[in-house]
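# Chains, contacts and geometry: an overview
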Amino acid sequence: MVSHLDGGRDRINIAIDGPAGAGKSTVARNVAETLHYIYIDTGAMYRAVTYSALRSGISPGDSEQLGTHAESIDITLKPGPMGQIVLLNGADITRDIRSREVTMHVSQVAAVERVRLRLVTMQRLLAQSKGVVMDGRDIGSHVLPDAELKVFLTASVQERALRRFKELDGQDSITLSQLELEIAERDRKDQERDISPLVCAPDAIVLDSTSMTIDEVADNIVNLSRTKLAEAK
Ligand code: DC
């Protein structure tokens, strides 16, 4: 896994949290590229556990088996030309983890304490040398409470569903209103789970991307990071 060599004196950690479809991963990837930081998509890690468990025939409702499974598999994140590559026991599963089946079950898997413990340990290790842009739901509030910059990125449910709908570009028979319902349901599950729910950290800067472009949001975060970096020196 990539790490920085000088102990991170010239870098900070950036946490980007928010609900599904707010644009976190595209924004986080752009910010990381501009700053030459490492981008870590923690949702992809929960998706990788979900994909692996489903493939092994484990029920998404079986917390015990899910915990044991998460502890037994090797998940590696690698920077790739199109963003982050996800490897499961060495095999590339980057595309597989975006399937609808995985999307439908991932909130349930992400609510399992042992799954979270395992992945949070990995996430903290990845960030220990600084220079990381990490996106997720609990990064600023739990995984990296000392991150120098915390952003909570949000957008209306309607706007998030519309973005997803355009992304699918007719590849799926799902309607816009079905997508809205699915997104609202995923928000509810992420916000209401007992362990590390989606919350806005008190020291996070809230950005509403409903009427902003990805570039505008990313520029905003890059500027904020430069201010924070100057403050941290
Ligand atoms: O960002 P995403 O849609 O790929 O995330 C997939 C799921 O993982 C989503 O239901 C929320 C969950 N998740 C989480 O609980 N904690 C994180 N740090 C990241 C994602």
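Above this text you will find the structure in question.
Read on for a plain summary of the structure. Remember, predicted model here, so these are calculated numbers, not experimental data.

Counted according to the given criterion, the structure contains 15 salt bridges. Here Arg-193 and Asp-190 are joined by a salt bridge, their closest N and O atoms 3.7 Å apart. For the residue pair Arg-193 and Asp-190, the accessibility class agrees, reading buried in each case. Several salt bridges converge on common partners, so that one network encompasses Glu-64, Glu-71 and Arg-114.

Taken together, 5 strands build an open sheet; the order of strands is 2-6-1-7-8 and the sheet is parallel. Both outer strands of the open sheet, strand 2 (38-41) and strand 8 (205-208), are each paired with one neighbouring strand and no more. Here the strands of the sheet are splayed against their neighbours by 20° on average, with no regard to which way each runs. Its contacts with the sheet place helix 1 (residues 24-35) against strand 1 (13-17), strand 2, strand 6 (132-136) and strand 7 (149-154), and it is angled at close to 180° to strand 6. Its contacts with the sheet put helix 5 (residues 113-127) on strand 1, strand 2 and strand 6, and the angle it makes with strand 6 is roughly 155°.

A word on the nonpolar core. Membership of the largest hydrophobic core comes to 37 residues, with the highest contact counts inside it found for Val-49, Ile-75, Val-86, Val-115, Leu-119 and Met-134. With 7 residues, helix 2 (residues 42-55) is the largest single contributor of residues to this core. Setting aside anything within four residues of it in sequence, one finds Val-86 in contact with Ala-44, Ala-48, Ile-75, Thr-76, Leu-77, Ala-91, Asp-92, Ile-93, Thr-94 and Ile-97. Counting 20 residues, the second-largest nonpolar core is a separate cluster that includes Val-31, Ala-32, Val-133 and Leu-149.

The environment of the ligand is formed by 16 residues, the closest being Thr-42, Arg-47, Arg-116, Asp-138 and Arg-193. Between an oxygen atom of the ligand and a side-chain N or O atom of Asp-190, the distance comes to 3.3 Å. Look at the ligand: alone it shows 450 Å² of surface, and the protein chains cover 95% of it. In terms of residues, the shell around the ligand owes the most to one element, helix 2, which gives 4 residues. Looking at the shell around the ligand, its residues break down into 4 nonpolar, 4 polar and 8 charged.

Calculation criteria
Residues numbered from 1 in each chain as written. Predicted model: local features only at pLDDT ≥ 70, side-chain atom pairs only at ≥ 80, totals over all residues. Heavy atoms only, no water. Salt bridge = Lys/Arg side-chain N within 4 Å of Asp/Glu carboxyl O. Buried < 20%, exposed > 50% of the residue type's maximum accessible area, 1.4 Å probe, protein only. Pairing = 2+ DSSP bridges. Helix = DSSP H or I, 4+ residues; strand = E, 2+ residues; numbered from the N terminus. Axes fitted to C-alpha atoms, helices over the stretch in contact; angles between N-to-C directions. Contact = heavy atoms within 4.5 Å. Core = buried A, V, L, I, M, F, W, Y, C linked by side-chain atoms within 4.5 Å. Near = heavy atom within 4 Å. Polar contact = N/O pair within 3.5 Å; in protein donor to acceptor, adjacent residues only side chain to side chain. Areas by Shrake-Rupley, 256 points an atom, 1.4 Å probe, with all protein chains shown as cover. Nonpolar A, V, L, I, M, F, W, Y, C, P; charged D, E, K, R; others polar.

Shape is all these values report; function is a separate question.
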